[in-house]
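Listed here are the chains, written in short residue letters.
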Amino acid sequence: NTFTQGFESGYGLKMGGVAAPSITKTLNLYGNIVTMSAWIKLNAYGQYEGVLYAGSLGSNTNRDNLYIYPDGELRVYRQAGTNTGTTIYTGYYVPLDTWIHVAYERDGVNQRVFVNHVLISAGINTANLTPVSNVYIGGNRSGGVEIYSKLEFDNVLITLGSNRFS
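All of the points below concern the structure found in this document. None of the values given here were measured: they were computed from a predicted structure.

### A word on the packing of aromatic side chains
- Evaluation of the coordinates by the stated rule reveals zero aromatic pairs.
- Directly above the ring of Tyr69 sits Arg75, whose terminal nitrogen or CZ lies 3.7 Å from the centroid.

See below:
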């Protein structure tokens, strides 16, 4: 992981790819209300790119994962315990070499995905997150395997609570 020219703060963080660890912070997520947002820049298509992830990293755990599919589509993956996970297809394709602002919000009943402050996807999400969980920046999990990101990040914000939305 290296520092690079950021979008807002002057310096951003460029994730190193396959062997580079994601950034992890343990948070108390009681209430299942969390908002995660960041400026990101995608430099190439072709692999899963973890953006922001809340919940436990183990198999059969409760977690929400905002990620970029190899074709560039921004998606959310929701795992609720041992149940089969649910993928939310936003239909938004992340442009290459362009800073965009992404946000994922869940308020205990609903979940929303925003790009550049515009709502692009919404749905119901009442499943619990594991109460004491980790939030990962640049981490992703697919088929039980940790996948690391090569995204560039700036101005990452994780809030225990939901933003005002109307």
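### Digging into the environment of Tyr93
- For Tyr93, the position within the fold is in strand β8 (residues 86-93).
- Taking the relative accessible area as the measure of exposure, Tyr93 reaches 45% and is therefore partly exposed.
- Expressed as a C-alpha distance, the spacing of Tyr93 and Arg75, which sit 18 residues apart in the sequence, is 9.4 Å.
- Apart from residues lying up to four places away in sequence, Tyr93 is in contact with Asp71, Gly72 and Glu73.

### Regarding the nonpolar core
- Ile40, Val51, Leu66, Ile68, Leu74 and Val102 are the most contacted members of the largest nonpolar core, which totals 23 residues.
- Of all the secondary-structure elements, those providing two or more residues to this core are β4 (33-41), β5 (49-55), β6 (63-68), β7 (73-79), β9 (100-107), β10 (110-115) and β12 (132-137).
- Counting residues per element, this core draws most heavily on β4, at four residues.

### Some details on the environment of Leu96
- Looking at the element boundaries, Leu96 is found in the loop between β8 and β9.
- Taking the relative accessible area as the measure of exposure, Leu96 reaches 33% and is therefore partly exposed.
- When the C-alpha atoms of Leu96 and Lys41 are compared, they prove to be 7.1 Å apart, with 55 residues separating the residues in sequence.
- The residues contacting Leu96, other than those within four sequence positions of it, are Leu42, Asn43, Ala44 and Tyr45.

Definitions and limits used
- All residue numbers refer to position in the chain's written sequence, counted from 1.
- Per-residue local features of the predicted model are confined to residues with pLDDT of at least 70, and side-chain atom pairs are confined, for both listing and counting, to 80 or more; whole-chain, interface and lining totals are unaffected and use all residues.
- With hydrogens and water stripped out, all remaining heavy atoms of the structure feed into the side-chain values.
- Side-chain rings of Phe, Tyr and Trp, where Trp is taken by its six-membered ring, are said to pair if the distance between their centres is within 6.5 Å; with planes under 30 degrees apart they count as stacked, over 60 as edge-to-face, and otherwise as tilted.
- We call a charge positioned over a ring when the NZ of a Lys or the CZ of an Arg lies within 6 Å of the ring centre and within 35 degrees of the ring normal.
- What counts as a helix is a DSSP run of H or I of at least four residues, what counts as a strand is a run of E of at least two, and both are numbered from the N terminus.
- Categorising residues by exposure relies on relative accessible area from a 1.4 Å probe, with only protein chains included: less than 20% of the type maximum marks a residue as buried, more than 50% marks it as exposed, and the intermediate range marks it as partly exposed.
- Residue contacts are defined here by distance: any two heavy atoms, one from each residue, within 4.5 Å place the two residues in contact.
- Throughout, nonpolar core names a set of buried Ala, Val, Leu, Ile, Met, Phe, Trp, Tyr and Cys residues whose side chains join them through atoms within 4.5 Å.

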